[in-house]
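Structural description and commentary
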Amino acid sequence: MNNTTTDFVSWFRSVAPYVNAFRGKTFVIGFSGEMVTDVKFVSFIHDINLLASLGVRLVLIHGARPQIQLRLDESQLETQSVMGMRVTDSAALQCVKESVGRVHHEIAALLSLGLPNSPMANASIHVSSGNFVTACPYGVIQGIDLMHTGKVRKINAQAIHARLEQNDVVLISPLGYSPTGEIFNLTMENVATEVAIALSAEKLIFLLDTLDSAATSVGNPEALPRELTVAESKSLLENKAAATSALLSDEIRASLRCAIKACETHVTRTHLISRHCDGAILQELFTHDGIGWMISQETLQALRKARIEDVGGILQLIEPLETEGILVRRNRELLEIEIDRFTVFEHDGVILGCAALYPFPEEHACELACLAIHPDYRDLGHGNRLLKHIESKTISQDIRKLFVLTTHATHWFIEHGFTEATPAELPKAKQNLYNYQRRSKVLIKHL
């Protein structure tokens, strides 16, 4: 195979697990009125159609702020804002309804397109809308009545689920209705968050106008973490440091608050992505690292005892190192027998590191073996975490001598407190198994 074919096969294999995991899951996606006017919006709609064709259940919530403002300017109407919310009187509400309706129908028309010049050119994506959102007035804030500006009171989750069961894409506008027949102007963020909570969505996704790629760049020392727990998100919002404040726009702060609320209430994860990147939603969902921020209730990283179902992941991790002669070969049968010896480092369900511990209690020693980290995640401290964990397990067995045999990582182990030794200093049982052709270095650490 040539490099292009190899790259394609590798890419397709990396994407396949996500396709399988996302099928039948519900994603709620919120995007602004600014995004609707962007030249990349048609590409985004194609990506939405692609997700729908893969079996993802989609609920789209759109905004319309710039379209509303344009209509107000045309009508020469001025409105107040309180805490970032527009005061909507009767005249302004008429402009809101006209603008939201126009945007809503434009999006529905685009969703009816297939992917041109592709097998999806004749794809049939059905779009559903309805009065799914019951709203109530926001009330009086700072002495000002917001009138027809409202907030979500209730979501008709049953009706939305019924549309999703029919494989429809559900499109919801930032308007809500009261039982008395009133209409309220809502924020896209409020609607998207409440819909995601009501549906217990797998993901709530916001495509943001101001999220700078520099804010999430791994190479930027001032970058914010790509992954945040709810607790870390709250801490970030409370951080008054100038550097942090400079990276957190009002839009990002508002979205983080929505993410916290959603992840504390039934939503598995919330993603914040820059809308300015072409294919942003595909890059975020179908690559392991993503390109935006991901907020979850708990951390996605875990050091844990290996289970029998981890054997395939461990083999995939260590086989390239075995081929290079860095690790001793272990077949699946041996690995299954010894799986209780292994600890794995897992991130978002993917095994990125492993290590095994073999005790020699008669000689008060333990062997660290098969320490491996995925090449894309080295130099990030994960190997050190695994080593510390193995050291703790060794001490918990009332053993203070840890040894390792290595052909390539001598310096790394010395940097972590090991000293060179001879095969004669190994436990007797291990001496009998020492491979003099391989001539591994023996290193020992006294804990």
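Refer to the structure presented above.
An account of the accompanying structure is given in this report. These figures come from a predicted structure and were not determined experimentally.

**Let's talk about the overall build of the protein**
In terms of regular secondary structure, the protein is built from 17 helices and 23 strands. The buried share of the protein, reckoned over its 447 residues, is 47%. Contacts spanning at least 24 positions in sequence make up 69% of the contacts within the protein whose residues lie at least 6 apart. For the protein, the exposed surface amounts to about 22,400 Å²; the carbon and sulfur share of it is 50%. Distance between charge centroids for the protein: 4 Å, based on 42 positive and 51 negative side chains.

**Regarding the nonpolar core**
Counting 43 residues, the largest nonpolar core has Val 28, Val 59, Ile 61, Ile 160, Ile 172, Val 195 and Leu 256 as its most contacted members. Sequence-distant contacts of Val 28, that is, excluding residues within four places in its chain, are made with Val 59, Ile 61, Ala 192, Val 195, Ala 196, Leu 199, Ala 201, Lys 203, Leu 204 and Ile 205. Core analysis: the next-biggest nonpolar cluster, separate from the first, contains 40 residues, Phe 31, Val 56, Leu 72 and Val 100 among them.

**Structural notes on the sheet that holds strand β19 (residues 350-360)**
Working definition: the strands of a sheet are paired by backbone hydrogen bonds and lie parallel or antiparallel to each other. The strand order across the open sheet formed by seven strands is β17-β18-β19-β20-β21-β23-β22, and the pairing between neighbours is mixed. In the strand order of this sheet, the two ends are held by β17 (301-305) and β22 (419-421), each with one partner. Taken pair by pair, the neighbouring strands of this sheet meet at an average axis angle of 30°, ignoring direction. Pairing analysis gives three bridges linking β22 to strand β23 (residues 441-446), with the strands arranged antiparallel. From the neighbouring strand, Glu 420 faces β23, where its bridge partner is Leu 443. In this fold helix α13 (residues 311-323) packs onto β18 (342-347), β19 and β20 (365-373), with an angle of close to 85° to the strand it touches most, β19. Lying on the sheet, helix α15 (residues 382-396) is in contact with β17, β18, β19, β20, β21 (401-406) and β23; it crosses β20 at an angle near 160°.

**Re the sheet that holds strand β13 (residues 203-208)**
Reading across from one edge, β5-β10-β2-β1-β13-β15-β16-β14 is the order of the eight strands in this open sheet, with mixed pairing throughout. Each edge of the open sheet is held by one strand with a lone partner, namely β5 (127-128) and β14 (227-229). Here six bridges tie β13 to strand β15 (residues 269-274), and the two strands are oriented parallel to one another. By the bridge assignment for β15, Phe 206 is matched with Leu 272.

**Side note on the packing of aromatic side chains**
The way to describe two aromatic rings as a pair is by their centre distance and the angle between their planes. In total, this model carries eleven aromatic pairs according to the counting rule given. Plain terms: the ring middles of Phe 360 and Phe 403 are 5.7 Å apart, the flat faces sit at 45° to each other, and that makes the pair tilted. Remark: Phe 403 occurs in strand β21 and Phe 360 occurs in strand β19; sequence separation between them is 43 residues. Like Phe 403, Phe 360 is buried. Every member of this aromatic cluster is reached through a ring pair, and the members are Tyr 18, Phe 22, Phe 27 and Phe 286. A cation sits over an aromatic face here: Lys 151 above Tyr 138, 5.2 Å from the ring centre.

**Some thoughts on a nonpolar patch on the surface**
A contiguous nonpolar patch, built from Phe 8, Trp 11 and Phe 12 and spanning about 360 Å² of accessible area, is present on the exposed surface. For Phe 12, the position within the fold is in helix α1 (residues 3-22). Classification of Phe 12 as partly exposed rests on a relative accessible area of 49%.

**Thoughts on the pattern of salt bridges**
Summed over the entire model, instances satisfying the criterion amount to 15 salt bridges. A salt bridge links Glu 165 to Arg 57; the shortest N-O distance between them is 3.3 Å. Of this pair, Glu 165 sits in helix α6 (residues 157-165) while Arg 57 sits in strand β2 (residues 57-62), and the two are 108 residues apart along the sequence. With its nearest N and O atoms 2.6 Å apart, the salt bridge here joins Glu 391 to Lys 445. On the criterion of sequence distance, the pair formed by Glu 391 in helix α15 and Lys 445 in strand β23 is long-range, its members being 54 residues apart. Residue classification places Lys 445 among the buried positions, given a relative accessible area of 13%. Counted as one network, the salt bridges with shared partners bring together Asp 38, Asp 209 and Arg 275.

Rules used in this analysis
Residues numbered from 1 in each chain as written. Predicted model: local features only at pLDDT ≥ 70, side-chain atom pairs only at ≥ 80, totals over all residues. Heavy atoms only, no water. Helix = DSSP H or I, 4+ residues; strand = E, 2+ residues; numbered from the N terminus. Buried < 20%, exposed > 50% of the residue type's maximum accessible area, 1.4 Å probe, protein only. Contact = heavy atoms within 4.5 Å. Areas by Shrake-Rupley, 256 points an atom, 1.4 Å probe, with all protein chains shown as cover. Lys, Arg positive; Asp, Glu negative; His and termini not counted. Charge placed at Lys NZ, Arg CZ, Asp CG, Glu CD. Core = buried A, V, L, I, M, F, W, Y, C linked by side-chain atoms within 4.5 Å. Pairing = 2+ DSSP bridges. Axes fitted to C-alpha atoms, helices over the stretch in contact; angles between N-to-C directions. Phe/Tyr/Trp six-rings, centres within 6.5 Å; stacked < 30°, edge-to-face > 60°. Lys NZ or Arg CZ within 6 Å of the ring centre and 35° of its normal. Patch = residues over 30% accessible without salt bridge, like charges linked within 9 Å, V, L, I, M, F, W, Y side chains within 5 Å. Salt bridge = Lys/Arg side-chain N within 4 Å of Asp/Glu carboxyl O.

None of the figures reported here should be taken as evidence of function without further support.
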